[in-house]
Amino acid sequence: MLNRPAHIPAAVTQAPLTFSWSNEIALRLDDFDAVPPRLGNALEKVNYKGKMALALGCLEWVVWRLSGLTDVQDALQRIEAGWASQVSVAYARSLNLASVRDELTAPGDPARPLQTALIRLEMLQLIYRKGKTQMISMSGRCALLAFHVLPPDSGFEAWLEKALVAMAVTDLCGPDYDRRARSFDYSGEAAVPRAWLDDLSVPRDPAAAAADWNAFFTAADPASNPFLVPADEMRAQGFPGEPYVFEAAPSGPRTGPSQ
């Protein structure tokens with residue numbers, strides 16, 4: 001299972017639930033038009049896989065923020081599968097949330113924002129699998145959820161700003177991205193390692209990125225994470241190459257849908 005990344009302070013995991021929450025707030029944070037222009041403009045500069053990685057990073061902030069108050073093992077397993085799917089969707093099973101419970105209405109219940117994060121993750125994976133161009137809005141809404149639940153002094157805002165500046169260099173959106181299209185072929189883009197979100201170094205060293213991904217896959221255990229697909233099953237389904245070994249092709253791994 002994932003360990004808390006270095007860029008998320010340990011103090012965040014024990015912060016009291018001081019934010020307000022209701023079904024109305026959850027819906028407002030999921031509004032397509034809720035992403036402010038400043039955030040949207042910054043996301044416009046980042047490519048498809050970069051937006052996916054940033055969204056996963058934001059959801060991790062939410063989950064770790066709640067980790068000292070409720071059980072987040074299922075959530076971390078889902079997020080781990082989400083990271084693996086950035087390399088290839090063949091690594092991850094469906095992240096659909098089987099039960100969305102409307103009775104999570106008690107004030108101060110950490111299960112409520114956690115459920116919202118898991119619903120966001122479900123939609124994120126669906127959009128990514130199909131290459132839908134709504135990724136910019138979904139990434140922005142993941143960031144908005146983190147802004148709402150995290151304490152103002154958590155360091156999230158500074159991290160997000162630094163990540164967006166770095167990704168505008170390392171994961172620059174190409175001129176072929178058309179938000180009006182129904183889908184986008186992101187297969188030529190490089191996968192963003194989870195570990196890179198700790199240092200956000202620019203430029204990103206491809207050899208270091210490959211090492212980070214191989215460390216990630218070495219630690220991943222499909223036997224204990226039901227959302228990861230075992231290697232034998234991946235081979236039977238025609239996965240090219242060796243599962244759980246990262247081999248970056250010169251043009252990037254072919255993992256995305258075509259327009």
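For the structure, check the block above.
Numbers given for residues are sequential positions, taken from 1 along each chain in its written order. Only residues with pLDDT of at least 70 get local features here, since the model is predicted, and only at 80 or more are side-chain atom pairs given and counted; chain-wide, interface and lining totals rely on the full set of residues. Processing note: side-chain calculations cover all non-hydrogen atoms of the structure and skip hydrogens and water entirely.

Every helix listed is a DSSP run of H or I at least four residues long, and every strand listed is a run of E at least two residues long, numbered separately from the N terminus. Scanning the protein chain from terminus to terminus reveals 10 helices and 0 strands. Helices and strands in the protein chain line up, N terminus first, as α-α-α-α-α-α-α-α-α-α. Here the C-alpha atoms of the protein chain give a radius of gyration of 17 Å, agreeing with the 18 Å that 2.2 N^0.38 yields for 259 residues. When the backbone C-alpha atoms are referred to their principal axes, the protein chain occupies close to 50 × 40 × 35 Å. Restricting the calculation to C-alpha atoms gives the radius of gyration, and the globule rule supplies 2.2 Å times the number of residues raised to the power 0.38.

All right, on to the pattern of salt bridges then. Oppositely charged side chains are able to pair whenever their charged atoms sit close together. We define a salt bridge as a side-chain nitrogen of Lys or Arg found within 4 Å of a carboxyl oxygen belonging to Asp or Glu. If you walk through the whole model with that rule in mind, you get 9 salt bridges. The salt bridge partner of Arg120 is Asp30, with a shortest N-O separation of 3.3 Å. Note that Arg120 is positioned in helix H5 (residues 111-130) and Asp30 in the loop between helix H1 (23-29) and helix H2 (37-44), a separation of 90 residues in sequence. Accessible area is worked out with a 1.4 Å probe on protein chains only. A residue is then buried under 20% of its type maximum, exposed over 50%, and partly exposed in between. Looking at Arg120, the relative accessible area reads 3%, which means it is buried. As a salt-bridge pair, Arg93 and Glu233 come within 2.8 Å of each other at their nearest N and O atoms. Linking Arg93 in the loop between helix H4 (73-87) and H5 with Glu233 in helix H10 (residues 231-236), this pair joins segments that are 140 residues apart in sequence. Residue classification places Arg93 among the partly exposed residues on the basis of a relative accessible area of 31%. If you follow the salt bridges from partner to partner, you end up with Asp30, Arg120 and Arg141 in one network.

The next subject is the environment of Leu69. Among the secondary structure elements, Leu69 is positioned in the loop between helix H3 (48-66) and H4. Overall, Leu69 belongs to the partly exposed group, its relative accessible area being 38%. It is 8.9 Å that separates the C-alpha atoms of Leu69 and Ala111, two residues lying 42 residues apart in sequence. Apart from the residues lying within four places of it in its own chain, the contact partners of Leu69 are Ala15, Leu17 and Pro110. By the convention used here, residues are in contact when the closest approach between their heavy atoms is within 4.5 Å.

What follows is about H5. End to end, H5 covers 29 Å across 20 residues, agreeing with the expected 28 Å (1.5 Å per residue, within 8%). Within H5, 15 of the 20 residues are buried, leaving the element largely enclosed by the surrounding structure. The span expected for a helix works out to 1.5 Å for each residue beyond the first.

Only Phe, Tyr and Trp rings take part, Trp by its six-membered ring, and two of them pair if their centres are within 6.5 Å. Stacked means planes under 30 degrees apart, edge-to-face means over 60, and tilted covers everything else. In this structure the tally under the stated criterion is 19 aromatic pairs. Centroid distance Tyr177 to Phe184: 4.9 Å. Interplanar angle 75°. Geometry classified as edge-to-face. Residue classification places Tyr177 among the buried positions, given a relative accessible area of 14%. Here the aromatic cluster, defined as three or more aromatic residues joined through ring pairs, consists of Tyr91, Trp213, Phe216, Phe217, Phe239, Tyr244 and Phe246. Charge over a ring is defined by NZ of Lys or CZ of Arg lying within 6 Å of the ring centre and within 35 degrees of the ring normal. Note that Lys51 overlies the ring of Tyr177, its terminal NZ or CZ placed 5.0 Å from the centroid. The aromatic ring of Trp196 is capped on one face by Arg204, whose charged end is 4.5 Å from the ring centroid.

Let's shift gears to the packing of H3 against helix H7 (residues 156-170). Relative orientation and spacing of two packed helices are given, respectively, by the angle between their axes and the distance between those axes. Close contact between H3 and H7 brings their axes to 11 Å; oriented N to C, the two are set at 170°. By the criterion of interaxial angle, the relationship of H3 to H7 is roughly antiparallel. Contacts between H3 and H7 involve Gly50, Ala53, Leu54, Gly57, Cys58 and Trp61 from the first element and Phe156, Trp159, Leu160, Ala163, Leu164 and Met167 from the second. Polarity classes work like this: nonpolar for Ala, Val, Leu, Ile, Met, Phe, Trp, Tyr, Cys and Pro, charged for Asp, Glu, Lys and Arg, and polar for all others, with Gly in that last group. Along the lines of polarity and charge, the residues of the contact of H3 with H7 split into 10 nonpolar, 2 polar and no charged. Under this scheme, a helix contributes an axis fitted over its contacting stretch, all axes are lines through C-alpha atoms, and angles between N-to-C directions fall in the 0 to 180 degree range. Angle categories are assigned with fixed cut-offs, so that under 35 degrees is roughly parallel, over 145 is roughly antiparallel, 65 to 115 is roughly perpendicular, and the rest are oblique.

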